[in-house]
Amino acid sequence: MIRPVRYALVVVLGSSIAALAGAQQPAPPVPQDPIVGNWRGTVTSASGSTSPIIITIAKKGDGYVGSTNGLNASSESALKRVTSAGASRVTIEAADDSRLGALVLVCELTVEGNAMTGAGTLSVGPQRFDVTLALQRRPRAEAVQPHVEQRIDYFVGRWNFEYVGAEYPPLSAGSRSGSVTFARAGASNFVTATLDGDLAGKRYQEHVSIGLDPETNALAFVERRGDGVELVSVASWRSPIAISFQTSPIVANGKTYQLRRLVSIRSKTSFDVTEEFSVDGGPFRRLGDGHYTKTAQ
């Protein structure tokens, strides 16, 4: 039993060990809210196997939001649930997909200063494993944590973009660049835009509409491409640093295609997009990456 548990944890919870390595930095001061912070540490199975994990928790209104890159090393995903019981106890729930099946991590954690520890369960498809977490509050090794308010106005303005990826009809036409200018539709929580791009020396256009439910931070995306393909998505912006969503299935040439995206919010003027695709319900594979930079309001 030890080997399967170890394999599952390494595959499911393995995040970049390099992100946890390097010179040790002094622990940051304990914030006014002891739950908030960037927490780095390990998940340990009942067999003793360990895997690194990073959990980021931020305050939002009277509650909390967060993200983790511990469930799936290829992406950072929003936490499904973050609830507190008092000033030092927190329950988190994270979910993601993998080739082993749906992943769900539920843990109850206790904060003492800059340490957070606790226990929970990891579900990998139909299998469940008892796990323990030991985390320390640490600054992010990468860029400074962005503080972007989740509002539709974030998208308003002109954005330049560069996308590098495979040509894979009907989901992607391949590497491309261009600009897109979003304008708010009156006083609504919708923005619309026409994307002008360059694809292998040829001009192309797409029409995009984005709507936000400010109560739930759910986003609706509609993309109409020049070749007639329409992509419809419902996304989650629960985490201030990440937007994750999947498109509705597209049927073409007797196969069913689906696109999955992770939008990583870098700052008020930039975000990155990672795209993966699935065919006929198979595992998701990397399709391409894009970078967007705002040049004007």
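Quick caveat: nothing in here was measured; it's all calculated off a predicted structure.

Asker: Help me understand the packing of aromatic side chains in this model?
Answerer: How two aromatic rings sit relative to each other is given by the distance of their centres and the angle of their planes. As enumerated under the stated definition, the model contains 12 aromatic pairs in all. Taking the centre distance of 5.7 Å and the plane angle of 55° together, the rings of F155 and W237 count as tilted. Taken together, the residues span a long stretch of sequence, with F155 in the loop between β9 (127-137) and β10 (157-165) and W237 in strand β17 (residues 230-239) at a distance of 82 residues. Residues Y168 and F277 carry aromatic rings whose centres are separated by 4.4 Å and whose planes lie at 40° to one another, so their mutual orientation is tilted. Taken as a pair, Y168 in strand β11 (residues 167-168) and F277 in strand β21 (residues 270-279) lie far apart in primary sequence, 109 residues in all. Judged by its relative accessible area of 7%, F277 falls in the buried class.

Asker: Just to check I follow, could you spell out the pattern of salt bridges for this structure?
Answerer: Close approach of charged atoms lets side chains of opposite charge pair. This model, assessed by the stated rule, comprises 12 salt bridges. One salt bridge in this structure joins E276 and R260, with 2.7 Å as the shortest N-O distance. Remark: R260 occurs in strand β20 (residues 255-267) and E276 occurs in strand β21; sequence separation between them is 16 residues. The exposure class of E276 is buried, given its relative accessible area of 10%. By relative accessible area, which is 14% here, R260 ends up buried. The closest approach of N and O atoms between D272 and R266, which form a salt bridge, is 3.0 Å. A relative accessible area of 18% means that D272 is categorised as buried. Here the residues in one salt-bridge network are R151, D153 and R184, joined through shared partners.

Asker: For this particular structure, what's the right way to read the confidence of the model for the protein chain?
Answerer: Keep in mind that low pLDDT regions are not for reading the predicted coordinates in detail. Residues at a pLDDT of 70 or more form 82% of the protein chain, whose mean pLDDT is 82. The lowest-confidence element of the protein chain is helix α2 (residues 17-20), averaging 34 in pLDDT; the highest-confidence one is strand β13 (residues 176-184), averaging 96. Every residue in residues 1-25 scores below 50 in pLDDT, and together they form 48 contacts with partners more than four places removed in sequence or on other chains.

Asker: How should the side chain of T91 be read in this particular structure?
Answerer: Following the sequence through the fold, T91 ends up in strand β6 (residues 89-98). Ignoring any residue separated from it by four or fewer positions in sequence, one finds T91 in contact with R81, V82, T83, C107 and E108.

Asker: Would you mind showing me how to read the nonpolar core here?
Answerer: Note that soluble globular proteins tend to have their nonpolar side chains buried in a common cluster. If you look at the biggest cluster of nonpolar residues, it comprises 27 residues, and the most contacted ones within it are F155, F182, I210, L219 and I243. Ranked by residues supplied to this core, first place goes to strand β15 (residues 202-213) with 4 residues. Residues within four places of L219 in sequence aside, it is in contact with F155, I210, G211, L212, S233, V234, A235, W237 and I243. Counting 24 residues, the second largest nonpolar core, distinct from the first, contains V43, L79, L103 and L109.

The rules behind these values
- Residues numbered from 1 in each chain as written.
- Predicted model: local features only at pLDDT ≥ 70, side-chain atom pairs only at ≥ 80, totals over all residues.
- Heavy atoms only, no water.
- Phe/Tyr/Trp six-rings, centres within 6.5 Å; stacked < 30°, edge-to-face > 60°.
- Helix = DSSP H or I, 4+ residues; strand = E, 2+ residues; numbered from the N terminus.
- Buried < 20%, exposed > 50% of the residue type's maximum accessible area, 1.4 Å probe, protein only.
- Salt bridge = Lys/Arg side-chain N within 4 Å of Asp/Glu carboxyl O.
- pLDDT = per-residue confidence, 0-100.
- Contact = heavy atoms within 4.5 Å.
- Core = buried A, V, L, I, M, F, W, Y, C linked by side-chain atoms within 4.5 Å.

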